[in-house]
Amino acid sequence: MENTTIITDSPVGQHLDKIAESTPASYLMFDKRKIELVAKITIGREYDNNVVVDSKLASRHHAVIQKIRDAYFIKDENSTNGTFVNGRKIPEGKYVRLYAGDKITIGTTSLVIS
């Protein structure tokens, strides 16, 4: 008798297994710098943000990355030009989960979750 499980037999199980194996995000790459992901990171043009984006397309307080349980999420802070994850605009006021390798775009600036 073979040793089969839902992971070995079903596409859904294999997908869930890959997600479980993926390494969690631990830092943000921005302007050739590593920024450690902490409980809350603010992003925007204003100097009181944790990550300052020098672009006229960025709002003063553009977005926030927040740790919720063991995952990181990004939320657009009602910015003028929007926040994009992997080329898709995220809805204002909604939290979107981030994964290692995700590319966040604010104006012409890119930040990568690693």
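Residues numbered from 1 in each chain as written. Predicted model: local features only at pLDDT ≥ 70, side-chain atom pairs only at ≥ 80, totals over all residues. Heavy atoms only, no water.

In the annotation of an unreviewed UniProt entry, the entry for the chain reads FHA domain-containing protein, and the organism field reads Treponema porcinum.

Enquirer: Can you help me understand the overall build of the chain in this one?
Expert: Each helix and strand counted, the chain has two helices and 11 strands in total. Buried positions account for 34% of the 114 residues belonging to the chain. Residue pairs in contact within the chain that sit at least 24 positions apart in sequence constitute 30% of those at least 6 positions apart. In the form shown here, the chain has an accessible surface area of approximately 7,800 Å², with 50% of it arising from carbon and sulfur atoms. (Helix = DSSP H or I, 4+ residues; strand = E, 2+ residues; numbered from the N terminus. Buried < 20%, exposed > 50% of the residue type's maximum accessible area, 1.4 Å probe, protein only. Contact = heavy atoms within 4.5 Å. Areas by Shrake-Rupley, 256 points an atom, 1.4 Å probe, with all protein chains shown as cover.)

Enquirer: For this particular structure, what's the right way to read the side chain of Asp-76?
Expert: Of note, Asp-76 is situated in strand E6 (residues 71-76). Buried charge without a partner: Asp-76 forms no salt bridge, and the closest opposite charge is Lys-89, 7.2 Å away. In terms of polar contacts, Asp-76 uses its side chain to reach the side chain of Ser-79, at 2.7 Å. Excluding residues within four positions of it along the chain, Asp-76 makes contact with His-62, Ala-63, Gly-82, Thr-83, Ile-90, Pro-91, Glu-92, Gly-93 and Lys-94. (Lys, Arg positive; Asp, Glu negative; His and termini not counted. Salt bridge = Lys/Arg side-chain N within 4 Å of Asp/Glu carboxyl O. Polar contact = N/O pair within 3.5 Å; in protein donor to acceptor, adjacent residues only side chain to side chain.)

Enquirer: I would appreciate a short explanation of the nonpolar core in the present structure.
Expert: Inside soluble globular proteins, nonpolar side chains tend to come together where they are buried. Counting 20 residues, the largest nonpolar core has Leu-28, Val-51, Ile-65, Ile-74, Ile-104 and Ile-106 as its most contacted members. When residues of this core are traced back to their parent elements, those giving at least two are strand E1 (27-30), strand E3 (40-44), strand E5 (63-68), E6, strand E10 (103-106) and strand E11 (109-113). In this structure Val-51 touches Leu-28, Phe-30, Ile-35, Ile-41, Thr-42, Ile-43, Gly-44 and Leu-111, once residues within four positions along its chain are discounted. (Core = buried A, V, L, I, M, F, W, Y, C linked by side-chain atoms within 4.5 Å.)

Enquirer: What is the right way to look at the pairing of E3 in this model?
Expert: Successive residues of a regular strand alternate their side chains across the two faces of the sheet. Direction of pairing for E3 relative to E5: antiparallel, over a ladder of four bridges. Bridge pairing in E5 places Thr-42 opposite Val-64. Pairing of E3 with strand E4 (residues 51-52), which is carried by two bridges, proceeds in the parallel orientation. Note on E4: the bridge partner recorded for Gly-44 is Val-52. (Pairing = 2+ DSSP bridges.)

Enquirer: Where do I start with the sheet that holds E3 in this structure?
Expert: Pairing between sheet strands relies on hydrogen bonds along the backbone, with the strands arranged either parallel or antiparallel. Strands sit in the order E4-E3-E5-E6-E9 across an open sheet of five strands; the sheet is mixed. With partners counted over all chains shown, the strands left at the sheet margins are E4 and strand E9 (95-98), one partner each.

Enquirer: Which parts of the structure should I look at to understand the side chain of His-62?
Expert: Within the secondary structure layout, His-62 lies in the loop between E4 and E5. Side chain to side chain, His-62 and Ser-79 meet in a polar contact 3.3 Å long. Within polar-contact distance, the side chain of His-62 engages the side chain of Thr-83 at 3.2 Å.

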